[in-house]
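Spelled out from the first residue to the last, the chains are:
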Amino acid sequence: MEIISVFVEKLGEYSVGPIREQFGYLIFYKRHISILKEEFPRLHEKEEAVKQSVLGAQWSQEVVPSEVKTWLTDVAKKIEEVQKFLEEDVKTNMMCLNGWCPDLKLRYSLGKKAQKNTQVINDMLKEGEKYDQVYNIKIPLEVKSTSTEWFKDFESRRSTIENVLEALRDENINMIALCGMGGIGKTEMAKEIARRVKAQSLFNKVAIAVVSQKADLIKVQDEIAEQLGPELHEKSLVGRASQLYSRLMDSKSVLVILDDVWDPLDLGAIGVIDAVKQKTCKILLTSRNEETCNWMRIQKIFPIGLLSEEEAWNLFIEMAGDCINTSNLISIARQVAKECACLPLAIATVGRALSNKSDKNEWKAALQQLKMSIPKNIYGLHPKVYSSIEFSYNYIESDEAKSCFLLCCLYPEDYDVPIEHLVRYGVAKRFFEGLDIVEQTRINVHAVVQNLRRSNLLLDSGKVECVKMHDIVRDVAISIASRDEIGFMVKLDRGLEEWPQKDRYDSYTAISLLLGELKVQSIELKCPKLQLLRLSHLNQSEMFPGNLFNGMKELKMLSLQDCCFSLTSLPPSIQILQNLHMLHLESCRLGDVSAIGTLRNLEILGFHYSEIEELPLEIGNLSRLKLLDMKGCDSLKRIAPGVLSGLSQLEELYVGGFKNWGCSSTMEGNGEVTNNNASLAELIPYSSQLVVLEISVPANILCLPKELHFGNSNFRSRINIGINNMINGRYLFENTLSVGVEDASDLWEHQTILSLLKNAVVLFLDIATNLKHIWFEKEQKGVLPCNLKDLTIFKCEDLEYLLEATSDSTLPNTFHLLESLSLFNLPRLIGICKSTDSVEVEGGGSAASTTITHKLFSSITILWVPNLKFLLVYACGSLEVVFDLEGLKVKENRKPILGVLSNLHLRNLSGMSHVWKNIPPGFQGFQNLISININECHCLRNLLPTSIAKLLVQLQAIKIWGCNLMENIIQREYEAGEERKAENLQKLLAYRCDSLEVIFELEGLNAEESNIFNNLTKLSLISLPKLLYIWKKGPREVKGFNYLRLLEVWSCDSLKCLFTPSIAKLLVKLEKIEVYDCNEIEEILAKEAGDEENRDVITFPLVKTLWLTNLQKLECFYIEDNHAFEWPSLDKITIAGCPNLKMFVSTSTKTPQLKGVHTKSKTFQPMIEGDLNATIQHIIKEKVCYNL
């Protein structure tokens, strides 16, 4: 064999051109495969980086270029193809090639495929460099509910939740339901189950969608997809279902919660049923109707009953407050609580309404109202719930709050109601007497909404600046609003083909309708009291009655939204609406809108996400207009010159997506305007009265006048200069400035930009050249921002410092409020602050004398950011240390340093040798750090000094990727007896750290000192070629690791075993063990000194899956004969690619749930006599192992 190899190799040397290439596939097939294995993980990593970037862009509502999506699609296909090639073709066929009769054709085929795949991967990696950041890789944190959560772990609920969790763990159960009447607490229980599922890592992802009485499958798909990744792009239901199915399969383990299912739901049409069948997805739904659950073939239905009387009373006390425990009130309070009939929603609403009311007469009146209420018959709703919600409404103290509450019922069920809509209704309705400024109304409406949330009459929404109404609360609200004295008509259940048939319309004050394809083009309505009309449309239509508004002369608020119509011009009758104060046109396809210019009393005008190409000159006639909103009008090409100058009362302007402004040809602003468009100079006369300004301008800063003086003390702005798509849907934004220009030279002479810079709370900078520092303290003392909370700096190639200060400067206030700092692609950055002279360090010495000069934070500058929560540093190659505390003097009463920092992300820092360095004795800080993510930091040898590790009491996750010199995660430097603390760490991932030898260094610790990492649930060790020990030489009575659930070890070629018996006994929660492609592993469990006489049974009580694959030297699980083994939960074991396997264990092993052994060649060997050892011996005897 050797002779053949040498001969063929020599032949290859003398071959030239194509012939040599062909022989190369044959000769060097192993080398080609080895290179492919090395390059393949790089493609995985690049895909992940681009995906993170895309997610960041999409969650920020930024446009992702189509070529990025194409690249990701191609990469996903290539990864799947190469994975299959390596796992099936290479692993299966390499065994044949180890024999005496080599298959030259097979060698050639493998070598050629490997080389070609490697070339494609390299090409993809090269292209992927362009997409490493679509814009900003910082993903927003998950929004947490701020509403009053009244779900409690009641005894009556506890067993149900545990049973549901147990059913979710059962591989044979895929569909589960919570069933009970409205207001019983199904939704809150489903949310609690979702929270526990996430905490216990039962699924990779959890997605919740609300279905409602009239199921909108497109909306359900959107809600599920949104929580799994980017939005769905297909238009048809079928195409979207296929996309969602692929997303579910990619996520591998998803719990989909479908809330409020009324009628049987077609899960196939949504795109989830096939994923359920493939065991990658499970369904949990909530419903009032058990028949619906039965029809959908739900496998487990859990009925949700009433609270016990004791639970109901305790919840009522919590909602109403301790005042009811007085002898004066307790009797009447118990009667009120009894009227709530042990229903959580009723208790929550009534209790909150009476919160801290101490007047006994109020309680008597409340009891009387609850008893006298005459509830309407609403399907699935307990009469007491109706009475309770009606009582809570009546108890709202202000008319403004009642109006806000009832306005929310004008929207469809489970709709995310924008609070900004309520603000604009409030302006038009004159909610607050004496408040003429829109911003003042906004502040008050948000306060009212917050109080309604606290009262449990409104709920938090998953969308920012939105609220929801519980479907039951909405039903009651519509019932109340439909009474004659209020006069609401709400018909949103289905698209109407004709206007609702009513004898009279003269009593209606508000109408909200969902229209279908209207059959009539003319309609005569008399609505003399109508003040608010809200119309939404199922599909775009040109069938819109031209005379619709003839009988609505008193109309003050008109909202046409959701593709309401597609017209070349607005209905002629709109000009009759001379009392109109608010006009909202959302997602409409519009042509000529000049007729709006006749509505002289209009104060609020919005074209939110509408297709409109031009804002005509006539809009400038709206001299009373206070707010103009053009958010999302991406097709807007022209704003006629003179429009803005005519809006003399304008307070708020939102045109963030429009950049085609008329620009002056000179910096002084006195040159010719460059195009036939409105100029921002039109704002100059009334810029001092502006309260909110959201605009985008091109990189040519000549379009932004220098004379804009924003003198209003409440002025807020979001301004983009030369940056695309940084505008989102928020209206409560803080001062935000984004600057993307090639050269910084002209910025510091532009007074408007300096003013915006000074007041920035959120600042984004992308300035390619001539920017060595952002601020120079001596020359720019008057423009240093003092309210900065979020700072992102991107691709400023010349930047060395953020601030240059003089020697006599005091601690600057520039960063004292800073919460988030993100630094991207700053190759020359070497610090936060440069002092022109040396600056004294506490305790002596100077900053200039320290040994480390390229440090992000020094002992001085680290004190400037006490509120920093998020730190991301990416591709800043000159930095050597992130936190260098040399010279820091420890003070007894000083607050912990960086005490609120929770997330630390360091990536591609090629020069960084330390994260922390020179930590003084007694240092306190970093105690709230939750997540550490380190990626491609090739000079880093140790992550955590022990002096820092012991402080990280809240740390939950560590991820280390591609750090080639990493030797230890925790650097041993502590004194004897000093305890290391990381007890809250839940996830630890180490990937491609080529020098890492030990994960948990336990040598030298006593039993108590070893009791660390006790909350660790997931340990992933991947591609660690020098790893020798996961756990190294701990005490025999080692403690900790009791909650580890998943242990996965891949491609660790120096590792000879996983753990010892003393460690195995700790892993009582372990559920899954995966060992893959570890060439030196001989046994999974290795003997330890002093254990020879121990005859204990080793039990893995919760392990369900054991996966041993491609372990060339594995001989057995455990070779000694002193321990028997029990696996009471093991139901799946896979053994593949283990040619030297001789047995499982040499003693008895009990596996009562196991049916057989899986092998890589997709064969399944049933159990022999119920014994795992005998089964494996049978496999070996039959020589099946050669195909494993």
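Residues numbered from 1 in each chain as written. Predicted model: local features only at pLDDT ≥ 70, side-chain atom pairs only at ≥ 80, totals over all residues. Heavy atoms only, no water.

Looking at an unreviewed UniProt entry, the protein chain carries the name NB-ARC domain-containing protein, with the source organism given as Carya illinoinensis.

This paragraph deals with the overall build of the protein chain. When you go through the protein chain residue by residue, the secondary structure sums to 26 helices and 49 strands. Taken across its 1188 residues, the protein chain has 54% of its residues classed as buried. Long-range pairs, those at least 24 residues apart, make up 73% of the contacts in the protein chain with a sequence separation of at least 6. (Helix = DSSP H or I, 4+ residues; strand = E, 2+ residues; numbered from the N terminus. Buried < 20%, exposed > 50% of the residue type's maximum accessible area, 1.4 Å probe, protein only. Contact = heavy atoms within 4.5 Å.)

This paragraph deals with unusual backbone geometry. In this structure, Cys 342 takes a positive phi of about 60° despite not being glycine. Mapped onto the secondary structure, Cys 342 falls in the loop between α14 (330–339) and α15 (344–353). Cys 342 gets classed as buried once you look at its relative accessible area, which sits at 17%. Although it is not a glycine, Ser 1023 sits at a positive phi angle of roughly 55°. A relative accessible area of 16% means that Ser 1023 is categorised as buried.

Bringing the packing of aromatic side chains into the picture now. A complete count under the given rule lists 34 aromatic pairs for this structure. Measuring from centroid to centroid gives 5.4 Å for Trp 916 and Phe 926, while their planes differ by 90°, and the two rings are edge-to-face. Here the residue Trp 916 occupies a position in strand β32 (residues 914–917), and Phe 926 occupies one in the loop between β32 and β33 (931–935), the gap between them amounting to ten residues. No difference in accessibility class separates Trp 916 from Phe 926, as the two residues are buried. Three or more aromatic residues joined by ring pairs form one cluster here, namely Phe 1000, Trp 1031, Phe 1041, Phe 1059, Phe 1100, Phe 1117, Tyr 1118, Phe 1125, Trp 1127 and Phe 1144. Geometry around Trp 313 places Arg 334 over its ring, the cationic atom sitting 4.2 Å from the centre. (Phe/Tyr/Trp six-rings, centres within 6.5 Å; stacked < 30°, edge-to-face > 60°. Lys NZ or Arg CZ within 6 Å of the ring centre and 35° of its normal.)

Our focus in this paragraph is the sheet that holds strand β8 (residues 466–468). Ordered in space as β6-β8-β7, the three strands form an open sheet in which the pairing is antiparallel. Two strands bound the open sheet, and with one partner strand each, they are β6 (417–418) and β7 (459–460). As judged from the two bridges shared by β6 and β8, these two strands associate in the antiparallel manner. Note on β8: the bridge partner recorded for Pro 418 is Cys 466. (Pairing = 2+ DSSP bridges.)

What follows concerns the environment of Gly 632. Turning to its location among the elements, Gly 632 is positioned in the loop between β16 (627–629) and β17 (638–639). According to the relative accessible area criterion, Gly 632 is partly exposed, its value standing at 21%. The spacing of Gly 632 and Tyr 609 is 23 residues in sequence and 4.2 Å in space, taken between C-alpha atoms. Once residues within four sequence positions are removed from consideration, Gly 632 is found in contact with Tyr 609 and Ser 610.

Counted according to the given criterion, the structure contains 33 salt bridges. Between Glu 694 and Lys 631 there is a salt bridge, with the nearest N and O atoms lying 2.9 Å from each other. One end of the pair, Glu 694, is in strand β19 (residues 692–697); the other, Lys 631, is in the loop between β16 and β17, and 63 residues separate them in sequence. Residue Lys 631 is classed as buried on the basis of its relative accessible area, which comes to 3%. Among the ionic pairs, Glu 694 bridges to Arg 718, the shortest N-O distance being 2.6 Å. Pair noted here: Glu 694 is in strand β19 and Arg 718 is in strand β20 (residues 716–721), with a separation of 24 residues, a long-range link. For the pair shown, Glu 694 and Arg 718 are each scored as buried. Through salt bridges with shared partners, one network takes in Glu 420, Arg 424, Glu 439, Arg 442, Asp 629, Glu 652 and Arg 716. (Salt bridge = Lys/Arg side-chain N within 4 Å of Asp/Glu carboxyl O.)

Further remarks concern the state of the cysteines. Within the structure shown, the criterion is met by zero disulfides. Here Cys 404 is not cross-linked by a disulfide; its sulfur's nearest cysteine counterpart is in Cys 408, at 7.0 Å. (Disulfide = S-S within 2.5 Å.)

Counting residues in each nonpolar core, the largest one holds 204 residues, and the members touching the most others are Ile 596, Phe 607 and Phe 883. Setting aside chain neighbours within four positions, we find Ile 596 in contact with Leu 570, Leu 583, Leu 585, Leu 602, Leu 605, Phe 607, Ile 619 and Leu 622. Leu 178, Ile 257, Val 448 and Val 691 belong to the second-largest nonpolar core, a separate cluster that totals 111 residues. (Core = buried A, V, L, I, M, F, W, Y, C linked by side-chain atoms within 4.5 Å.)

The grouping of Lys 214, Lys 491, Arg 494 and Lys 502 at the surface amounts to a positive patch. Structurally, the position occupied by Arg 494 is in strand β9 (residues 488–496). For Arg 494, a relative accessible area of 58% puts it in the exposed group. (Patch = residues over 30% accessible without salt bridge, like charges linked within 9 Å, V, L, I, M, F, W, Y side chains within 5 Å. Areas by Shrake-Rupley, 256 points an atom, 1.4 Å probe, with all protein chains shown as cover. Lys, Arg positive; Asp, Glu negative; His and termini not counted. Charge placed at Lys NZ, Arg CZ, Asp CG, Glu CD.)

On to the sheet that holds strand β47 (residues 1149–1150), then. Spatially, β43-β45-β47 is the arrangement adopted by the three strands of the open sheet, whose pairing is parallel. In this open sheet, the two strands that pair with only one neighbour each are β43 (1098–1099) and β47. Taken together, the two bridges between β43 and strand β45 (residues 1125–1126) define a ladder with parallel strand orientation. From the neighbouring strand, Thr 1099 faces β45, where its bridge partner is Glu 1126.

We now examine helix α21 (residues 471–481). Among the eleven residues of α21, eleven are classified as buried, and the element is accordingly described as predominantly covered. Looking only at α21, the buried set comprises Asp 471, Ile 472, Val 473, Arg 474, Asp 475, Val 476, Ala 477, Ile 478, Ser 479, Ile 480 and Ala 481. The inward-facing, buried residues of α21 contact β3 (254–261), α15, α17 (383–394), α18 (399–407) and β9.

Our next topic: the environment of Lys 360. Structurally, the position occupied by Lys 360 is in helix α16 (residues 360–372). With 30 residues separating them along the chain, Lys 360 and Ile 330 place their C-alpha atoms 9.8 Å apart.

With that settled, consider helix α8 (residues 217–228). Over its twelve residues, α8 extends 17 Å from the first C-alpha to the last, a length consistent with the 16 Å expected when each residue adds 1.5 Å. Buried residues along α8 sit against β2 (205–212), α9 (237–251), β3 and α10 (267–270). N-capping of α8 is provided by Asp 216, with a side-chain oxygen placed 3.2 Å from the backbone N of Ile 218. Looking one or two residues beyond α8, the residue adopting positive phi is Gly 229, at roughly 160°. (Expected span 1.5 Å × (residues − 1). Polar contact = N/O pair within 3.5 Å; in protein donor to acceptor, adjacent residues only side chain to side chain.)

What follows is about the confidence of the model for the protein chain. Mean pLDDT for the protein chain: 82, with 83% of residues reaching 70 or above. For the protein chain, helix α1 (residues 2–14) is the element with the lowest average pLDDT, namely 42, and β16 is the one with the highest, namely 97. Scored below 50 in pLDDT, residues 665–671 makes 14 contacts in the model with residues more than four places away or belonging to other chains. In this model, residues 1184–1188 is a region of pLDDT below 50 whose contacts with residues beyond four sequence positions or in other chains number eleven contacts. (pLDDT = per-residue confidence, 0-100.)

Further remarks concern the packing of α8 against α9. As a packed pair, α8 and α9 sit with axes 10 Å apart at the nearest point and diverge in direction by 25°. In terms of axis orientation, α8 runs roughly parallel to α9. Judged by the twist between their axes, the crossing of α8 over α9 is left-handed. Here α8 contributes Leu 217, Ile 218, Gln 221, Asp 222, Ile 224, Ala 225 and Leu 228 to the contact with α9, which in turn contributes Leu 237, Arg 240, Ala 241, Leu 244, Arg 247, Leu 248 and Ser 251. Counted by class, the contact of α8 with α9 contains nine nonpolar, two polar and three charged residues. (Axes fitted to C-alpha atoms, helices over the stretch in contact; angles between N-to-C directions. Parallel < 35°, antiparallel > 145°, perpendicular 65-115°, else oblique. Left-handed = near helix turned anticlockwise from the far one by under 90°. Nonpolar A, V, L, I, M, F, W, Y, C, P; charged D, E, K, R; others polar.)

Before going further, it helps to examine the side chain of Asn 117. Inspection of the secondary structure assignment puts Asn 117 in helix α5 (residues 104–128). Since its relative accessible area comes to 6%, Asn 117 is described here as buried.

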